[in-house]
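What follows is each chain in one-letter form.
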Amino acid sequence: MTVSTGIITEAHKKQFQEEGYFILEKVISDEHLQIIRDACAHLIDLMHQEMDRLGTDHIHISHRGKRYHIAKKYDQAPRLEEYVFGDLMAEICKTTIGENAYLFYDQYVVKAAEKGIKFSWHQDSGYLGFRHRPYVTCWAAVDDMTVENGTVDVLPYSTIGVKSLVEHIQDPETGDKTGYFGKEPGVTAVVPAGSLAVFSSLTFHRSGANTTDKMRRAYVTQYSPAPIIDPETGQPKHLAVPFLKDGDKVVS
C-alpha cells in the first residue's frame, strides 16, 4: 500500500498538465536527505575506482573533479531504495503519470566546486532517440540550490510553446544534447536542500556552472507509466523496475 503525504495539491497537478512542471520546497525528510548524501559519496568513490581501472578521467558525460553523472546505481548504495521507492515518489508518480509506474532511470548530477560544467537546454526524452510515452523526472536538491552553484532552470510549456519531442543536437566534446537555442531564461529553482523540481520528460530544462567554493549535488529519479521499449532491441531501455500497480506499491 502507499501512504499519501498530503504534500501535492490539485494546483500542482494542474500546473504539471498545463506547464510541464512544479516545484516542492523542503519536502524530502531529513533522514532520506542524509541517505541520499551518503549514497552520493559512496558512488563517487566507486566511479573514481572505475576511472582508475580504465585509465581515464572521462566516462560518458562524467569528468573527474568537474562533473559527475552517475546513473542506474540506486541499488548499489546503502538504503537509497528507501527514497527511490518511498511514499513521496509514489504520490508524485500518481499525480503526474498515473496509477502505474516503473523506475526508468536514476542518476546523481554533481558539479564540483568552481569547476562544474553547465548543462544545456534539453528534454530528457531527447536523449532516447525514439518516440515513447512521456515520463516524469524528480530532480532532488541535495544541497541548497542557487544561481551561483548551477541550479536547474525549467521552461514552462506556455513560454516556449512546445510540449512535444523536438530534435536535439549532440556536442561531440561534452556529450550533451541541446534542443533549444533561444534566449528565454525559464524558471530558476532557487530552493533549499530537500526540495524537488518535478517535470515532464518533454519539459526543457538546463543548469548552469557551479561558480561557488562548494560541491553542488542533485539526485534525479525518473519514472515511466510503462516499460520503455527500445525499438532496436525489443528490450526495455535503461531500467524497468515495477514500482506502482493500480496505485499500490509492488516493491517493499
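The preceding data block contains the structure.
Residues numbered from 1 in each chain as written. Predicted model: local features only at pLDDT ≥ 70, side-chain atom pairs only at ≥ 80, totals over all residues. Heavy atoms only, no water.

**Q** Explain the pattern of salt bridges to me, please; I cannot follow it from the model alone.
**A** Opposite charge on two side chains permits pairing when their charged atoms draw close. The final tally for this structure, using the stated rule, is 10 salt bridges. In this structure, R64 engages D52 in a salt bridge whose closest nitrogen and oxygen atoms are separated by 2.9 Å. Here R64 is found in the loop between strand 3 (62-63) and strand 4 (67-71), whereas its partner D52 is found in helix 2 (residues 30-54), with 12 residues between them in sequence. Taking the shortest distance from any N to any O, the salt bridge between R206 and D153 comes out at 3.1 Å. Of this pair, R206 sits in strand 13 (residues 205-207) while D153 is found in strand 8 (residues 152-154), placing the two residues 53 residues apart along the sequence. (Salt bridge = Lys/Arg side-chain N within 4 Å of Asp/Glu carboxyl O. Helix = DSSP H or I, 4+ residues; strand = E, 2+ residues; numbered from the N terminus.)

**Q** Would you mind showing me how to read unusual backbone geometry here?
**A** Working note: non-glycine residues mostly have negative phi, and peptide bonds are mostly trans. Positive phi outside glycine occurs at K26, with the angle close to 50°. The residue K26 is located in the loop between strand 1 (21-24) and helix 2 in this model. Positive phi is not limited to glycine here, since D246 has a value of about 55°. One can find D246 in the loop between strand 15 (241-245) and strand 16 (248-249).

**Q** Whenever I open this one, the side chain of Q107 confuses me. Can you help?
**A** Relative to the elements of secondary structure, Q107 occurs in strand 5 (residues 101-111). You can call Q107 buried: its relative accessible area is 15%. One polar contact links Q107 to H69, side chain to side chain, over a distance of 3.3 Å. Setting aside its immediate chain neighbours within four residues, Q107 contacts H69, I70, A71, A218, Y219 and V220. (Buried < 20%, exposed > 50% of the residue type's maximum accessible area, 1.4 Å probe, protein only. Polar contact = N/O pair within 3.5 Å; in protein donor to acceptor, adjacent residues only side chain to side chain. Contact = heavy atoms within 4.5 Å.)

**Q** Got a minute to help me understand the pairing of strand 14 (residues 216-224) in this structure?
**A** Consecutive residues of a regular strand have side chains that alternate between opposite faces of the sheet. Counting buried residues in strand 14 gives nine out of nine residues, a clear majority hidden from the surface. Here strand 14 shows a buried face lined by R216, A218, V220, Q222 and S224 and a second buried face lined by R217, Y219, T221 and Y223. Note that strand 5 and strand 14 share nine bridges and pair antiparallel. Considered in strand 14, the bridge of L103 is made with Y223. Where strand 7 (residues 136-141) and strand 14 come together, six bridges link them in antiparallel fashion. (Pairing = 2+ DSSP bridges.)

**Q** Sorry, what's going on with the sheet that holds strand 11 (residues 187-188) here?
**A** Whether parallel or antiparallel, the strands of a sheet pair through hydrogen bonds between backbone atoms. Spatial strand order, 6-13-8-11: four strands in an open sheet with antiparallel pairing. This sheet does not close on itself; its edge strands, each paired only once, are strand 6 (119-122) and strand 11. Bridging between strand 8 and strand 13 involves three bridges; their strand directions are antiparallel. By the bridge assignment, V152 is partnered in strand 13 with S207.

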